[in-house]
Amino acid sequence: MGVNKRVAAIEPNAIRAFDDQTSGVTDILKLTLGEPDFSVPQHVKQAAIDSINSDDSHYAPSKGSVALRKAIRHFMIDRYDLSYDAESEIIVTLGATEGIYDTLTAFVNDGDKVLLPAPNFSMYDPTIALAGGEVVYVDTSKSDFLLTPAQLQAAIDEYGDKLTTVLLNYPSNPTGITYTAEQLAALAEILQGTDITVIADEIYAELTYDAPHYSIAKFLPSQTVILNGVSKSHAMTGYRIGFIVGPKELLAPVATLHQFTVTSASNPAMAAAAEALGSAQGKLDSKGMREAYRERRDYLVPALRQLGFEIPQPTGAFYVFAKLPANVNQDDYEFG
Ligand SMILES: Cc1ncc(COP(=O)(O)O)c(C=O)c1O
């Protein structure tokens, strides 16, 4: 049987496996997949229903419906002061997951090095390998889980032109840590003028608690593509709507790849996402969820610390990166 060597070399997703293993257990709170526990607001559901009822059942433009791309454009200006052209600088994807795949596959050549601050979201490593790239991990555990300018410079010095891509995720899964504008400016200063492309996974951008979200694209517009979507901001993980924004030179190859892989996202899901991102109520929905997560963080983190867990203060996303206390079983599968 012929199996592609790169595909054969990757392991099935461990979080999915653990989720399958625990899904049959009743009366537990599952903390496996990054899954919001809110229901999709009625006006957003209604937009999907209206799309179905109005026979919105034909192929959409590959980059996404015009209404959704306009809503994304408006959303990026309103929230992050970043302006992208709806025709050439925005692509609607099947979740941020497709964005990760499309950008890495479109940008990375065989043997290229991709810098990844660790610990990192588990989907990046296999996708980099599938694209033929090699991961350069930078351990951030001694620098408050942030990539430092010195670490970035050291990687550039070591790998030279082979280092073509930097993959940043902030707020971060799994640490909940995000960067300030000043910290991003310092990284951007080093990247400015190089041929390095930055993929900024900002899927948790709407969930920041202590300061407004800031994107590295503000400092490095021509070198940055941003991945985002409605999965986390609007609790719409199952709708599978994400998006990629960036300069048209970087997005053109991504758009071609997207044409040949998924064609386009589904119309009812895009109609719902356009309502979520484009309406005043959608902004309020997201704000309400953020406040609920903040309240939970403010309860849970001190309570876990009291029990002996060491935890970096999460400034975004909805994760608590808790180090097991020394007096309990240190095997993370057996703990509990
Ligand atoms: C950092 C990060 N990026 C991307 C994703 C995937 O997002 P989506 O469900 O929109 O594909 C997740 C989901 O957990 C994530 O944590």
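Just so it is clear, the model here is predicted, and its values are computed rather than measured. (Residues numbered from 1 in each chain as written. Predicted model: local features only at pLDDT ≥ 70, side-chain atom pairs only at ≥ 80, totals over all residues. Heavy atoms only, no water.)

## Side note on the overall build of the protein chain
Moving on, step 1. Of the regular secondary structure elements, the protein chain holds 11 helices and seven strands.
Moving on, step 2. Computed over C-alpha atoms, the radius of gyration of the protein chain comes to 20 Å, within 12% of the 20 Å expected from 2.2 N^0.38 for 336 residues, which places it in the range of a compact globule.
Moving on, step 3. Across its three principal directions, the C-alpha atoms of the protein chain cover 60 × 50 × 50 Å.
Moving on, step 4. When the 336 residues of the protein chain are sorted by exposure, 49% land in the buried category.
Moving on, step 5. Nonlocal contacts in the protein chain, meaning residues at least 24 apart in sequence, comprise 71% of its contacts between residues at least 6 apart.
Moving on, step 6. A total of about 16,600 Å² of accessible surface is found on the protein chain, and carbon and sulfur atoms cover 55% of it.
Moving on, step 7. For the protein chain, the separation between the mean place of its 25 positive charges and that of its 42 negative charges on side chains is 3 Å. (Helix = DSSP H or I, 4+ residues; strand = E, 2+ residues; numbered from the N terminus. Rg over C-alpha atoms; globule rule 2.2 N^0.38 Å. Buried < 20%, exposed > 50% of the residue type's maximum accessible area, 1.4 Å probe, protein only. Contact = heavy atoms within 4.5 Å. Areas by Shrake-Rupley, 256 points an atom, 1.4 Å probe, with all protein chains shown as cover. Lys, Arg positive; Asp, Glu negative; His and termini not counted. Charge placed at Lys NZ, Arg CZ, Asp CG, Glu CD.)

## Some words on the UniProt feature "domain: Aminotransferase class I/classII large" (unreviewed entry) in the protein chain
Moving on, step 1. In the numbering used here, UniProt assigns the feature "domain: Aminotransferase class I/classII large" (unreviewed entry) to residues 26-327.
Moving on, step 2. Measuring from the first to the last C-alpha atom of residues 26-327 gives 29 Å, for a span that is 40% helix and 13% strand. (UniProt positions renumbered as here; feature names shortened; annotations may be inferred.)

## Some words on the site of the ligand
Moving on, step 1. Taken together, 15 residues sit near the ligand, with Thr97, Asp201, Tyr204, Ser231 and Lys232 positioned nearest.
Moving on, step 2. The separation between an oxygen atom of the ligand and a polar side-chain atom of asparagine 173 is 2.8 Å.
Moving on, step 3. Between the ligand and the protein, one listed contact pairs an oxygen atom with a side-chain N or O atom of serine 231 at 2.6 Å.
Moving on, step 4. In terms of residue count, the dominant contributor to the shell around the ligand is helix H5 (residues 95-107) (four residues).
Moving on, step 5. For the shell around the ligand, the residue count by class is seven nonpolar, five polar and three charged. (Near = heavy atom within 4 Å. Polar contact = N/O pair within 3.5 Å; in protein donor to acceptor, adjacent residues only side chain to side chain. Nonpolar A, V, L, I, M, F, W, Y, C, P; charged D, E, K, R; others polar.)

## Let's talk about the sheet that holds strand S6 (residues 224-229)
Moving on, step 1. Taken together, seven strands build an open sheet; the order of strands is S1-S7-S6-S5-S4-S2-S3 and the sheet is mixed. Of all strands in the sheet, those with a lone pairing partner are strand S1 (90-93) and strand S3 (134-139), marking the two edges. Ignoring which end each strand starts from, the neighbouring axes of this sheet average 20° apart.
Moving on, step 2. Of the pairings in the sheet, the one linking S6 to strand S7 (residues 242-245) comprises four bridges and is antiparallel in character. Within S7, the residue paired with isoleucine 226 across the bridge is valine 245.
Moving on, step 3. In this fold H5 packs onto S1, strand S2 (113-118), strand S4 (163-169), strand S5 (197-201), S6 and S7, with an angle of close to 160° to the strand it touches most, S6.
Moving on, step 4. Against the sheet, helix H7 (residues 149-159) touches S2, S3 and S4, its axis set at about 155° to S4. (Pairing = 2+ DSSP bridges. Axes fitted to C-alpha atoms, helices over the stretch in contact; angles between N-to-C directions.)

## A look at the pairing of S6
Moving on, step 1. Most of S6 sits out of view: six of its six residues are buried.
Moving on, step 2. Here S6 shows a buried face lined by Thr224, Ile226 and Asn228 and a second buried face lined by Val225, Leu227 and Gly229.
Moving on, step 3. Sheet topology places S5 next to S6; four bridges connect them, and they run parallel. Across the sheet, the residue bridging to isoleucine 199 is valine 225, located in S6.

## Thoughts on the packing of aromatic side chains
In this description, an aromatic ring pair is defined by two values, namely the gap between the centres and the angle between the planes.
Moving on, step 1. Applying the stated rule across the entire model yields 11 aromatic pairs.
Moving on, step 2. When the ring of phenylalanine 75 is compared with that of tyrosine 80, the centres are 5.7 Å apart and the planes differ by 85°; the resulting orientation is edge-to-face.
Moving on, step 3. By the ring-pair criterion, three or more aromatic residues cluster together here, those being Phe38, Tyr204, Tyr293, Phe318 and Tyr319. (Phe/Tyr/Trp six-rings, centres within 6.5 Å; stacked < 30°, edge-to-face > 60°.)

## A short note on the nonpolar core
Moving on, step 1. Leu68, Ile72, Met76, Tyr84, Ile241, Val245 and Leu277 are the most contacted members of the largest nonpolar core, which has 31 residues in total.
Moving on, step 2. Of all the elements in the fold, those that place two or more residues in this core are helix H3 (42-53), helix H4 (66-80), S1, S7 and helix H10 (267-278).
Moving on, step 3. One finds Val138, Leu147, Leu163 and Ala200 within the second-largest nonpolar core, a separate group that totals 24 residues. (Core = buried A, V, L, I, M, F, W, Y, C linked by side-chain atoms within 4.5 Å.)

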